[in-house]
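An overview of the molecular structure
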Amino acid sequence: MTQTPSIEAQPWGVTPAGDAVTLYTLHAAPLRAQIMTYGGVLVGLQAPDRRGTLADVTLGHDALAPYLSRETSPYFGALIGRYGNRIAEGRFVLDGHPVTLARNNGPNALHGGPGGFDQQLWQATPETGPNAVSLHLRRTSPEGEEGYPGTVQVEVTYTLSVAELRLQYRAQTDRPTVLNLTNHTYWNLAGGGRDVLDHRLQVQASRFTPTGPTLIPTGEVQPVAGTPFDLRQPQRLGDVLAHPHEQLTFAGGLDHNFVLDQPGTGQAVATLHDPHSGRRLEVQTTQPGLQVYSGNFLDGTITGRGGQRYGHRWAVCLETQHFPNSPNQPHFPSTRLNPGEPFASQTIYRFSVQD
C-alpha cells in the first residue's frame with residue numbers, strides 16, 4: 001500500500017533571543033526530510049541504499065543548540081543569503097554608490113555575513129498534496145541587513161516527493177540590490193561513518209572560475225580540460241583531491257565555482273554516487289554555477305548526529321548559485337535584483353540507487 005505524503009511539526013528549542021523553533025518532518029516514502037525554522041536548515045534527509053536500508057545522507061545535529069554557532073555547525077543544511085559565497089573585501093559599487101558589507105571571512109564577506117539568513121528565524125507554512133509535501137519558508141530581510149541595500153521579501157519552498165527534494169527560491173526588493181540564494185547541505189551518501197573520498201562526482205561544466213589565495217575569483221573563466229577540475233566524466237573524489245594543483249592548494253581541496261554548460265534544461269548538472277551503498281544523487285538547477293566544496297575545514301572537532309565526529313572530507317557540498325564576487329565582476333552573470341523584477345530559481349536533488 002502506498003503511503004500518503006505527510007508532514008509533522010514539533011517544538012525544537014528556543015533561540016538565545018527567546019524565539020521558539022519548530023522542526024518539521026516531511027514524509028514521502030521512502031524519503032524523509034527534516035527542516036527547521038531556524039536558518040531554514042535541512043536538518044536531515046534519509047534515503048535508501050541498494051538493500052533498501054535507510055540512512056541520513058547529510059551532516060547535521062540531533063538538537064538545536066549546535067546550530068546556533070558556526071563553530072559547531074558550519075552552515076550544515078542552511079539556507080544562505082543575502083549573498084551565497086564570497087564578496088571581495090565586503091565591498092562593491094551599485095549605481096555609483098559604494099556598499100560596505102559585514103565581513104566574516106578574513107577580509108571578505110561570506111554567505112551573507114555574520115547575521116546571514118542561516119542565523120535568522122523563518123516563518124513556515126506546511127502544505128500536503130496527494131504526491132508530495134511542501135514547507136514554505138518566508139522572511140523579510142530589512143534595509144541595511146548586514147550592509148545590503150533594500151528590503152527584500154524572500155520565500156523558499158522545500159517540496160519532498162518519493163524520489164526528490166525540490167527547492168524553489170523567490171524574492172523581490174523595494175530598491176536595487178544584489179542577491180544570491182543557495183542551500184549549504186553537506187552530502188555523504190554512505191550515510192556517515194566514513195569520508196566521501198570514494199564517492200564519484202560528475203559535473204557538466206567545461207569551465208570554472210579560478211581563485212586567488214583568499215578564494216576570491218580572479219575574474220578569469222578557464223577551461224577545465226587538462227586540470228583536476230575536469231569532472232565531465234565521473235571522477236573519484238580522492239583522486240581529484242590528491243592532485244598537486246595550485247588551485248587545490250589555495251582552497252585545501254575543492255572550493256570552486258563551476259560554470260555549468262546547460263543549466264535550466266531539465267538535465268542533470270551534477271551527479272554524486274557512492275559505490276559502497278549504491279546511493280546516487282542527481283542535481284538539476286536553473287542557476288548558472290555550482291560551488292563544489294569538499295569539506296576542507298572539517299577536522300574531527302565537530303560532533304554531529306548520533307555522537308559521530310565529522311572528520312576531514314566527511315562530506316561534499318553541491319551549492320547551486322551565481323558566481324562568487326559577481327558584484328565586482330561585470331562580465332559574470334548579474335546578481336542584481338531590481339524592484340518589479342522578481343527573482344526565481346529552482347534546484348532539484350533526485351535520489352536513486354545504482355549498482
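Presented here is a report on the structure given in the accompanying data block. (Residues numbered from 1 in each chain as written. Predicted model: local features only at pLDDT ≥ 70, side-chain atom pairs only at ≥ 80, totals over all residues. Heavy atoms only, no water.)

**A few points about the sheet that holds strand β5 (residues 54–56)**
Reading across the sheet, the five strands line up as β1-β2-β3-β4-β5 and stay open at both edges, with antiparallel pairing between neighbours. The sheet is open, and its two borders are formed by β1 (6–14) and β5, each paired with just one other strand. Direction aside, neighbouring strands of the sheet carry axes that sit 15° apart on average. (Pairing = 2+ DSSP bridges. Helix = DSSP H or I, 4+ residues; strand = E, 2+ residues; numbered from the N terminus. Axes fitted to C-alpha atoms, helices over the stretch in contact; angles between N-to-C directions.)

**Overview of the environment of Pro74**
Looking at where Pro74 falls in the secondary structure, it is placed in the loop between β5 and β6 (79–80). The spacing of Pro74 and Gly60 is 14 residues in sequence and 9.7 Å in space, taken between C-alpha atoms. Residues in contact with Pro74, not counting those within four places in the same chain, are His184, Tyr186, Leu298 and Ile302. (Contact = heavy atoms within 4.5 Å.)

**Considerations on the packing of aromatic side chains**
Going through the model one piece at a time under the given rule, you end up with 11 aromatic pairs. Arranged with centres 4.8 Å apart and planes meeting at 90°, the rings of Phe76 and Tyr186 form a pair that is edge-to-face. Within this pair, whereas Phe76 is found in the loop between β5 and β6, its partner Tyr186 is found in strand β17 (residues 186–187), the two being separated by 110 residues in sequence. Tyr186 shares its class with Phe76; the two are buried. Three or more aromatic residues joined by ring pairs form one cluster here, namely Phe76, Tyr186, Tyr293, Phe297 and Tyr310. (Phe/Tyr/Trp six-rings, centres within 6.5 Å; stacked < 30°, edge-to-face > 60°. Buried < 20%, exposed > 50% of the residue type's maximum accessible area, 1.4 Å probe, protein only.)

**Here's the deal with the sheet that holds strand β23 (residues 270–273)**
One open sheet accounts for nine strands, arranged β11-β12-β13-β14-β30-β24-β23-β18-β21; its pairing is antiparallel. If you trace the sheet from one side to the other, it starts and ends with β11 (123–128) and β21 (235–236), each paired once. When strand β18 (residues 200–203) meets β21, the two strands line up antiparallel, connected through two bridges. If you follow Arg200 over to β21, its bridge partner there is Arg236.

**A word on the pairing of strand β12 (residues 133–141)**
For β12, a buried count of seven out of nine residues is recorded, marking the element as mostly surrounded by other parts of the structure. Judged from the six bridges that link them, β11 and β12 form a sheet pairing that is antiparallel. Considered in β12, the bridge of Gln123 is made with Arg138. Taken together, the nine bridges between β12 and strand β13 (residues 152–160) define a ladder with antiparallel strand orientation. Considered in β13, the bridge of Ser141 is made with Val152.

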